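Each chain, written out:
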Amino acid sequence: MEIKQRKILTVPIRLTTILILYSMLFQYMHWPYGMDLMLYGSMGLLVLYTIRFFFKRNKSSLDYVKLAIVVIWFFRIFVSTFVGPTYSYIFDIVLIGLSLWWFTDEGVNFYNDRKFRFSNSVKLIYYILFALSFVICAFGMLLRILHWPYGALVFTSGVLLISLFLILDLLFIKRK
């Protein structure tokens with residue numbers, strides 16, 4: 001039951017993550033409905049991940065940390081949407097602490113322990129796409145902040161590459 005439930009919820013969780021990513025793009029580019037998309041995506045992630053958490057039988061401390069990250073993320077978005085950004089720094093501090101905890105315990109091993117469906121060349125392409133997408137997104141963000149030419153284009157390309165990476169990740173990785 002647990003494995004089937006996790007496989008069913010993996011795709012919707014990825015899609016809500018992509019929705020959150022695009023809402024960040026909308027906010028960053030000052031397009032309309034960015035905060036609405038962020039709120040709906042965060043709400044969907046909260047509901048789906050909470051369901052996934054409660055159906056998991058053997059929970060570790062990192063499962064609780066990940067659930068806390070999702071819950072605090074939602075409340076940060078909720079408070080900044082309806083109250084204003086006055087108190088959101090408190091949520092940011094807690095999110096940074098929990099994210100560092102997750103990264104030190106599982107972050108690097110999460111990608112090192114992956115089993116690929118295809119050859120080692122696909123593994124190399126996977127990691128290149130992973131690194132390239134995040135570097136392009138960060139570089140585009142810097143260009144956009146500095147108001148340099150092509151900043152919006154590079155940032156949008158980075159977000160599209162990250163979305164592609166999240167979808168291809170479902171196809172290339174063997175699931176238990």
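Residues numbered from 1 in each chain as written. Predicted model: local features only at pLDDT ≥ 70, side-chain atom pairs only at ≥ 80, totals over all residues. Heavy atoms only, no water.

## A few points about the packing of aromatic side chains
Point 1. On inspection of all chains with the given rule, the structure shows 9 aromatic pairs.
Point 2. Judged by centre distance (5.5 Å) and plane angle (65 degrees), the rings of Phe74 and Phe75 are edge-to-face.
Point 3. You can call Phe75 partly exposed: its relative accessible area is 40%.
Point 4. Taken together through their ring pairs, the aromatic side chains of Phe74, Phe75, Phe78 and Phe82 make up a single cluster.
Point 5. One cation-aromatic arrangement involves Lys59 over Phe53; the distance from NZ or CZ to the ring centre is 5.1 Å. (Phe/Tyr/Trp six-rings, centres within 6.5 Å; stacked < 30°, edge-to-face > 60°. Buried < 20%, exposed > 50% of the residue type's maximum accessible area, 1.4 Å probe, protein only. Lys NZ or Arg CZ within 6 Å of the ring centre and 35° of its normal.)

## What about the pattern of salt bridges?
Oppositely charged side chains may form a pair once their charged atoms are brought near each other.
Point 1. Counted under the stated rule, the structure contains 3 salt bridges.
Point 2. A salt bridge links Lys56 to Asp63; its shortest N-O distance comes to 3.0 Å. A single burial state applies to Lys56 and to Asp63, both of which are buried.
Point 3. The salt bridge involving Arg76 is made with Asp92; its shortest N-O contact spans 2.4 Å. Taken together, the positions of Arg76 in helix α3 (residues 61-82) and Asp92 in helix α4 (residues 88-112) put the pair 16 residues apart, joining distant regions of the chain. (Salt bridge = Lys/Arg side-chain N within 4 Å of Asp/Glu carboxyl O. Helix = DSSP H or I, 4+ residues; strand = E, 2+ residues; numbered from the N terminus.)

## Examining the side chain of Asp63
Point 1. Position of Asp63 relative to the elements: it lies in helix α3.
Point 2. Taking relative accessible area as the criterion, Asp63 reaches 5% and is therefore assigned buried.
Point 3. With sequence-adjacent residues up to four places away left out, Asp63 is seen in contact with Phe53, Lys56 and Asn58. (Contact = heavy atoms within 4.5 Å.)

## With respect to a nonpolar patch on the surface
Point 1. On the surface, a cluster of nonpolar side chains totalling about 930 Å² of accessible area is made up of Phe75, Phe78, Phe82, Val83, Tyr87, Tyr89, Ile90, Ile93 and Val94.
Point 2. For the nonpolar patch, the secondary structure elements donating two or more residues are α3 and α4.
Point 3. Per element, the largest residue contribution to the nonpolar patch is 4 residues, and it comes from α4.
Point 4. Tracing the backbone shows Val83 in the loop between α3 and α4. (Patch = residues over 30% accessible without salt bridge, like charges linked within 9 Å, V, L, I, M, F, W, Y side chains within 5 Å. Areas by Shrake-Rupley, 256 points an atom, 1.4 Å probe, with all protein chains shown as cover.)

## Quick notes on the confidence of the model for the chain
Point 1. Residue-level pLDDT values for the chain average 84, and 88% of them are 70 or greater.
Point 2. Helix α1 (residues 2-28) is the least confidently modelled element of the chain, averaging 80 in pLDDT, while helix α2 (residues 34-55) averages 92, the highest of any element. (pLDDT = per-residue confidence, 0-100.)

## Describing α3
Residues spaced three or four apart along an α-helix point in a common direction, a consequence of the helix completing one turn every 3.6 residues.
Point 1. The terminal C-alpha atoms of α3, which comprises 22 residues, lie 32 Å apart, in line with the 32 Å expected from a rise of 1.5 Å per residue.
Point 2. Taken as a whole, α3 has its buried residues at Leu62, Asp63, Val65, Leu67, Ile69, Val70, Ile72, Phe74, Ile77, Val79 and Ser80.
Point 3. At the C-terminal side of α3, Gly84 shows a positive phi close to 120 degrees. (Expected span 1.5 Å × (residues − 1).)

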